[in-house]
Amino acid sequence: FKVMTYSYSGGWSDPGPQTPLAWARKVLTFAASQVPPEKVLMGVPFYGFDWHGESTTAVFWEDADATLSETDAAVARHDASGEATFTYTDADEVLHTVWYQDRKAVAAKTSYFRRELGDLAGIAIWQMHREDPRFWTTIRKELRVGK
């Protein structure tokens, strides 16, 4: 039973995180009250969003990494989700607010899962492509897979 514990924020909201951990816990606790906990998977996002003007576009680590190398933006960390965020102004003077998953954000989610939700079946990733290849090492380490 894969639970979509992401998309808390997006084109329908103000800029913000995909997975506030306290919110994910509430959603997963409810799911585990409806089906056996050993069948429940926590959905972990590999994407984020870029809010700009009246638009919102999906952002993957690869996109955020490229933008950071092209701008003087500084990355901040959101405590309640572990997610990375930054703002910058593009060549057309449009302000962008970006929230995305980096290795630390993935570590925060998988570590939280292991510590707080370990009676559940595991995690499920959405959406795999253009992620930092180190995400997989981080997941194995945080979930202690293969040890």
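Residue numbers restart at each chain and count upward from 1, following the sequence in its written direction. Whole-chain, interface and lining totals are the exception, using all residues; otherwise, since this is a predicted model, local features are given only for residues with pLDDT of at least 70 and side-chain atom pairs are given and counted only at 80 or more. Remark: hydrogens and water are excluded; side-chain values derive from all non-hydrogen atoms of the structure.

K.L.:
Mind showing me how you'd approach the environment of Ala22 here?
P.N.:
Per the convention used, a helix needs a DSSP run of H or I reaching at least four residues, while a strand needs a run of E reaching at least two, with both numbered from the N terminus. Of note, Ala22 is situated in helix H1 (residues 21–34). Categorising residues by exposure relies on relative accessible area from a 1.4 Å probe, with only protein chains included: less than 20% of the type maximum marks a residue as buried, more than 50% marks it as exposed, and the intermediate range marks it as partly exposed. Taking the relative accessible area as the measure of exposure, Ala22 reaches 53% and is therefore exposed. Between the C-alpha atoms of Ala22 and Asp79, which are 57 residues apart in sequence, the distance is 11 Å.

K.L.:
Explain the sheet that holds strand E8 (residues 122–126) here, please?
P.N.:
Paired through backbone hydrogen bonds, the strands of a sheet run either parallel or antiparallel to each other. Two strands qualify as a pair provided DSSP detects at least 2 bridges between them. On the basis of which strands lie adjacent, the open sheet formed by 3 strands has the order E1-E2-E8 and parallel pairing. Edge positions in the open sheet fall to strand E1 (2–3) and E8, since each of these has one partner strand only. Relative to strand E2 (residues 41–45), E1 runs parallel, the two being bridged by 2 bridges. The partner of Val3 across the bridge, within E2, is Met42. Between two residues, a contact is recorded if the distance between any of their heavy atoms is within 4.5 Å. The axes used here are C-alpha line fits, helices contributing only the stretch in contact, and every angle between their N-to-C directions lies in the interval 0 to 180 degrees. Contacting E2 and E8, helix H3 (residues 103–116) crosses the sheet at an angle of about 165° to E2.

K.L.:
Teacher, can you tell me more about unusual backbone geometry here?
P.N.:
The phi torsion of most residues other than glycine is negative, and most of the peptide bonds are trans. A cis geometry characterises the amide bond from Trp126 onward to Gln127, with omega recorded as 20°. Tracing the chain through its elements places Gln127 in the loop between E8 and helix H4 (134–143). Even without glycine at this site, Ser7 takes up a positive phi of about 70°.

K.L.:
Explain the sheet that holds strand E4 (residues 55–60) here, please?
P.N.:
On the basis of which strands lie adjacent, the open sheet formed by 5 strands has the order E4-E3-E7-E6-E5 and antiparallel pairing. Of all strands in the sheet, those with a lone pairing partner are E4 and strand E5 (76–77), marking the two edges. Where strand E6 (residues 84–89) and strand E7 (residues 95–100) come together, 6 bridges link them in antiparallel fashion. By the bridge assignment, Phe86 is partnered in E7 with Val98.

K.L.:
I'm lost on H4 in this one. Help?
P.N.:
For an α-helix the count is 3.6 residues per turn, leaving residues at separations of three or four pointing the same way. Buried within H4 are the following residues: Phe135, Thr138, Ile139 and Glu142. Buried residues along H4 cover an arc of 100° about the axis, so they all sit on one side. In this fold, the buried residues of H4 make contact with helix H2 (61–70), H3 and E8. A positive phi of about 55° marks Arg144, the residue just after H4. The directions from the helix axis to the C-beta atoms are what the arc is built from.

K.L.:
Quick question: what am I supposed to make of the nonpolar core here?
P.N.:
One recurring pattern in soluble globular proteins: nonpolar side chains tend to sit buried together. Leu28, Met42, Phe86, Tyr100, Leu117 and Ile123 are the most contacted members of the largest nonpolar core, which has 28 residues in total. For this core, the secondary-structure elements that each account for two or more residues are H1, E2, H2, E6, E7, H3, E8 and H4. Counting residues per element, this core draws most heavily on H1, at 4 residues. Residue contacts for Met42: discarding those within four places in its chain leaves Val3, Thr5, Thr19, Ala24, Leu28, Lys109, Phe113, Leu117, Gly122, Ile123 and Ala124. In terms of nonpolar packing, the next biggest core, distinct from the first, is built from 6 residues, Tyr6, Tyr47, Trp51 and Trp99 among them. We call a set of buried residues a nonpolar core when its members are Ala, Val, Leu, Ile, Met, Phe, Trp, Tyr or Cys and they connect through side-chain atoms within 4.5 Å of each other.

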